[in-house]
Amino acid sequence: MLTKLALAGVKNRRRDYLVLLAGLTMSAAIFYMFANLATNQAFIKANAVVQSASIVFGFGAVLLALITVVYIMYANSFLLSMRQHDYGLFMMLGAKRRRVGELVFLETLILGTVATVVGILLGILASKFLVGFLLDRLGLHLSHLVSFYLPAVLFTAVLYVGLFILASLFNLMRLMRSTVQNLLHADQQANQPKVRPVRQFIAGLLGLALVAVGYWAMAAIEQLELTAIPLALVTITLGTYLIFHATVLAVIRGLRRTKWARKHLNGFLLGQLNFRVHDYTRMLTIVSLLFAMALGAITVGSGYHRQMPLVADSLGDYSVAIHNPNAQQKHWMGQLDLAHQATYTQKVVGQTTYYNAAELKRTPYQQQKYSNKTNATPKFYTESLAKFKKSGSQSVNFIVLNPNKLGDFKAPKIVSAAAFARLNGKTYTVTTLRVKHLANDLQTLGKLSKSEQRRFPAPHDGSLVVGTYESYQMMNGVFGGLEFIGYFLGIAFLAMLASCLMFKILSGAPGDLRRYAMLNKIGVRRSLMRGGLAKEIGILFAIPGIMGIVDVLFGLQMFKPLMSAPMSPYLGIGTTFAIFIGLYVIYYLITLGLYLNLVMPSETLQD
C-alpha cells in the first residue's frame, strides 16, 4: 500500500518530478563520464599528458564529489518543498507520522535510484559518442579510453545511491521534527535577516583580502607549485562567500531607497531576494566557482586548440616536403592555400645528398626568422648562395630534405651545375610547401604527409622528421590530452553549475506559486509578473557569472608557464567567452521557462 501511495504521489506530480529527474539524471551522467576518466588507470598510464595531469583529475574528482553532495541537497530540498504540504495533509487526516516518514523515505529513494540508473546509462552512451565526437573534432587519439568501465559504474552507483539514502534519512528526520502546522505553512515562513553593518563591512574587507590571496597564488604558481591550487581554491571560496554575504544585503537596502524600487513589481522583487539572501549566498558562491572553473577549463582547452597551429607555424621553414610527387600528390598540392613553393633537384651518392647550385641561386631556400613575441607572424628570409653554403645549408630543416630522411646530420653538398651533372647518384626532386595558415589545411597536409611516408619511409634508427605539420602532430600528441581535459571539464562544470542553480531556484517555486496567485487575484498584469520573475532569476544568474568571469581573468595566470610565447592563455578569449555566455543565457531561459510553468500555471493566468 505504501509503495502504491508513493508511486501515486510521483505520478500526480509527474511534471515536477520530470524536471527533477532530468537534472539528477544529467548529474549522474556527468559524474560517470568524469569517473570513467579519473578511475581508468590503464587510460591514465597509457597517455603521458593525462598521466602528468593526474593531479587535475584528483582535485576534479574531489571537487565534483563535493558539488554532487551540494547538488543532491538542493534537489532534495526541491523534492521536499513540493511534497511537504501533502505530507501535512496526510497527518492531519490521521496518518501516523512513522508511516508518512516511510513514505518520504521510499519516494526519495525511488527517485534517486531511477535517476542513478538512467544517468549511468546516459553517461555510458555519452562517453562513447560525445567524448568520441570531441576527440574526432580535436584530431586526438587517446589509448584505452572506453565507454563502459565497471569500476566507474560501481563508484557512481555507490556514491549516488548512498547520498540518496542519506537524503532520505534527512527528509525523514526533518519530517519527524516538524509539526503538522509547520508542514502545511512551511512555504509561508519568511527569513528576515538581521542587519549588522559593522560585521558586514569587516566581512567584506576580509573577503576581498582572501580573494586577493587566491589570485596571487594562481599568478605565483611557478613558485608555489602544486600548493597554489588548494590555496587558491580555499581562499577564493571563502572570500567569495564573505563578499556576497556582505554586499547582497547592502545592495538590496540601497536599491529599496531608490525610485526604481517603487516602479512596477521591483519592490516585491527586492523583498523576495531579501527573504532568501542567506540560502542564496551559499548557492551563489558555489555557482560562481563552478562558472569560473567551467569557463576557465573551456578557455584553456580552446586556447590550446586555437594556438597549437600558430605555434607550429613558427617551428619550421616549410609545412611538408614531397619527393617525386605523383599525380595524386599533385592534386592534393593544388588544394593547398600556399604561401611559398619551391622545387629542387637532388642526387644521392652513398649517404650524401647533392644540390645544384644554379637552382638554389635561381630559387633561394627560404629560412624562418625566429621570434619570441606572442602571436607573432612568422617571417622568412633568404641568403646569398655563398652565405647559405656556410650556414643555411647546415640547418636541420634543410638537412632532412634528403629522401632517406636520415637524421645523422650528414651535411648536404652544393655543387656547380657541371659537377652536379657528372654525379652518378640516384636523382630525386623535392618540393617544399609552406601554407599560409596551417589550421586551414590540416586535412590535406595530413594526406600528403602520410603519402610521403609510405613512398619514402624513414628508417627506424636515426630518422628525423621536421616541418610545421609534423611539429603540429608532435605538439598535438604532447598537449592534446590537456586540450581534451579542458573541454571535458568545462562541459561538465557548465552542466553542473546550471543544474545546481536551476534547482536551487526551482525549490522556491511552491511558495512563489501562492504569492503570484495572490498578485493575479488583486489584478496585477501577467506581463508585470513575468517581468518580475525574469529580473529575479536574471539577477541570480548574473551575480555568479560576473564574479566567475573576474576569477577566470585572474586564474588564467596559472597557465602562462604552460602556454609560453608565442602562445598565451589570453589569446582569443573573447570568442570563447561569448560562446560560453551564450550557453549560460540558454540555461537562464530554460530555468525561467520552467519557473514560469511552475509558478504561473495556465489556470492562474486566466483573466
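No experiment lies behind these values; they were computed from the predicted model shown. (Residues numbered from 1 in each chain as written. Predicted model: local features only at pLDDT ≥ 70, side-chain atom pairs only at ≥ 80, totals over all residues. Heavy atoms only, no water.)

Caption draft 1: Region of interest: the overall build of the protein chain. Counting its secondary structure elements, the protein chain contains 23 helices and 7 strands. In the protein chain, which comprises 607 residues, the proportion classed as buried is 50%. Counting contacts in the protein chain only where the partners sit at least 6 residues apart, residues at least 24 apart contribute 84% of the total. Of the roughly 28,800 Å² of accessible surface on the protein chain, 64% is carried by carbon and sulfur atoms. (Helix = DSSP H or I, 4+ residues; strand = E, 2+ residues; numbered from the N terminus. Buried < 20%, exposed > 50% of the residue type's maximum accessible area, 1.4 Å probe, protein only. Contact = heavy atoms within 4.5 Å. Areas by Shrake-Rupley, 256 points an atom, 1.4 Å probe, with all protein chains shown as cover.)

Caption draft 2: Geometry of the nonpolar core. The biggest cluster of nonpolar side chains holds 97 residues, and the ones touching the most others in it are Leu24, Leu497, Phe541, Phe580 and Tyr595. If one sorts the elements of this core by residue count, helix H20 (residues 468–506) sits on top with 16 residues. In terms of nonpolar packing, the next biggest core, distinct from the first, is built from 16 residues, Val311, Val320, Leu336 and Tyr469 among them. (Core = buried A, V, L, I, M, F, W, Y, C linked by side-chain atoms within 4.5 Å.)

Caption draft 3: Highlighting the packing of aromatic side chains. Under the defined criterion, the tally for this structure stands at 13 aromatic pairs. Ring centres of Phe388 and Phe398 lie 5.1 Å apart, and the angle between their planes is 85°; this geometry places the pair in the edge-to-face category. Here Phe398 lies in helix H17 (residues 396–399) and Phe388 lies in helix H16 (residues 385–390), a separation of 10 residues in the sequence. Pair check on accessibility: Phe388 and Phe398 agree, each one buried. Within the aromatic cluster, the residues linked to one another by ring pairs are Phe291, Phe541, Phe580, Tyr584 and Tyr588. One Lys or Arg, Lys347, reaches over the ring of Phe420 and ends 5.1 Å from the middle of that ring. Above the plane of the ring of Phe380 lies Arg434, whose end atom (NZ or CZ) is 3.6 Å from the centre. (Phe/Tyr/Trp six-rings, centres within 6.5 Å; stacked < 30°, edge-to-face > 60°. Lys NZ or Arg CZ within 6 Å of the ring centre and 35° of its normal.)

Caption draft 4: A look at the sheet that holds strand S6 (residues 413–415). The sheet built from 5 strands is open, its strands ordered S1-S7-S2-S3-S6 with mixed pairing. Edge positions in the sheet fall to strand S1 (320–323) and S6, since each has one partner strand and no second. Between one strand axis and the next, the sheet turns through 35° on average, direction left out of account. Sheet topology note: the strand S2 (residues 338–349)/strand S7 (residues 426–435) ladder contains 10 bridges and is antiparallel. Bridged to His340 within S7 is Arg434. (Pairing = 2+ DSSP bridges. Axes fitted to C-alpha atoms, helices over the stretch in contact; angles between N-to-C directions.)

Caption draft 5: Looking closely at a nonpolar patch on the surface. A cluster of nonpolar side chains, contributed by Val114, Val117, Val118, Leu121, Leu122, Leu125 and Phe129, occupies part of the molecular surface with about 610 Å² of accessible area. With respect to the secondary-structure elements, Leu122 resides in helix H6 (residues 97–138). (Patch = residues over 30% accessible without salt bridge, like charges linked within 9 Å, V, L, I, M, F, W, Y side chains within 5 Å. Salt bridge = Lys/Arg side-chain N within 4 Å of Asp/Glu carboxyl O.)

Caption draft 6: Main features of the pattern of salt bridges. Tallied over the entire structure, the rule returns 1 salt bridge. Across the pair Asp337 and Lys436 runs a salt bridge, and its minimum N-O distance is 3.6 Å. Of this pair, Asp337 sits in the loop between helix H14 (327–334) and S2 while Lys436 is found in the loop between S7 and helix H19 (442–455), placing the two residues 99 residues apart along the sequence. Look at Lys436 and you get partly exposed, because its relative accessible area is 46%.

Caption draft 7: Summary view of the packing of helix H9 (residues 197–219) against helix H11 (residues 228–256). Here H9 crosses H11 at 150°, and the two axes come no closer than 7 Å. Between H9 and H11, the interaxial angle falls into the category roughly antiparallel. Read as a crossing pair, H9 and H11 show a hand that is left-handed. For the contact of H9 with H11, the class distribution of residues is 19 nonpolar, 8 polar and 1 charged. (Parallel < 35°, antiparallel > 145°, perpendicular 65-115°, else oblique. Left-handed = near helix turned anticlockwise from the far one by under 90°. Nonpolar A, V, L, I, M, F, W, Y, C, P; charged D, E, K, R; others polar.)

Caption draft 8: Representation of the pairing of S2. In the sheet, S2 pairs with strand S3 (residues 352–356) via 4 bridges, with the strands oriented antiparallel. Opposite Val349, over in S3, you have Thr352 as the bridge partner. Linking S2 back to S3 in an antiparallel pair, the connection comprises 2 residues, with Gly350 at a positive phi of about 70°.

Caption draft 9: View of the environment of Leu489. Residue placement: Leu489 occurs in helix H20. Assessed through its relative accessible area of 10%, Leu489 is described here as buried. When the C-alpha positions of Leu489 and Ile298 are compared, they lie 7.5 Å apart, and in sequence the two are 191 residues distant.

Caption draft 10: Helix H12 (residues 266–275), seen in detail. When you tally the buried positions in H12, you get 7 out of 10 residues, the bulk of the element. For H12, the full list of buried residues reads Asn266, Leu269, Leu270, Gly271, Gln272, Leu273 and Asn274.

Caption draft 11: Structural context of unusual backbone geometry. At Asn324, a residue that is not glycine, the phi angle is positive and equals roughly 45°. In this structure, Asn324 sits in the loop between S1 and H14.

Caption draft 12: Structural context of the environment of Leu594. For Leu594, the location among the structural elements is in helix H23 (residues 573–599). Its relative accessible area of 24% is what places Leu594 among the partly exposed residues. With 92 residues separating them along the chain, Leu594 and Met502 place their C-alpha atoms 9.2 Å apart.

Caption draft 13: Structural detail: the pairing of S1. By the alternation rule, side chains of S1 split into Val320 and Ile322 and Ala321 and His323, which are all buried. Sheet analysis places S1 next to S7, joined by 4 bridges and oriented antiparallel. When the bridges of S7 are listed, Ile322 appears paired with Thr431.

Caption draft 14: Summary view of helix H7 (residues 150–177). The end-to-end C-alpha separation of H7 is 40 Å, in line with the 40 Å expected for 28 residues at 1.5 Å each. Every buried residue belonging to H7 is among Ala152, Val153, Thr156, Tyr160, Leu163, Phe164, Ala167, Ser168, Asn171 and Leu175, and all of these are buried. (Expected span 1.5 Å × (residues − 1).)

Caption draft 15: Summary view of the side chain of Ser127. Inspection of the secondary structure puts Ser127 in helix H6. According to the relative accessible area criterion, Ser127 is buried, its value standing at 9%. Residues in contact with Ser127, not counting those within four places in the same chain, are Tyr32, Met33, Asn36, Gly132 and Ser147.

Caption draft 16: Inspection of the confidence of the model for the protein chain at higher detail. Chain-level statistics for the protein chain give a pLDDT mean of 78 and a share of 80% at 70 or above. The spread of mean pLDDT over the elements of the protein chain runs between helix H4 (residues 48–52), the lowest at 53, and H14, the highest at 92. (pLDDT = per-residue confidence, 0-100.)

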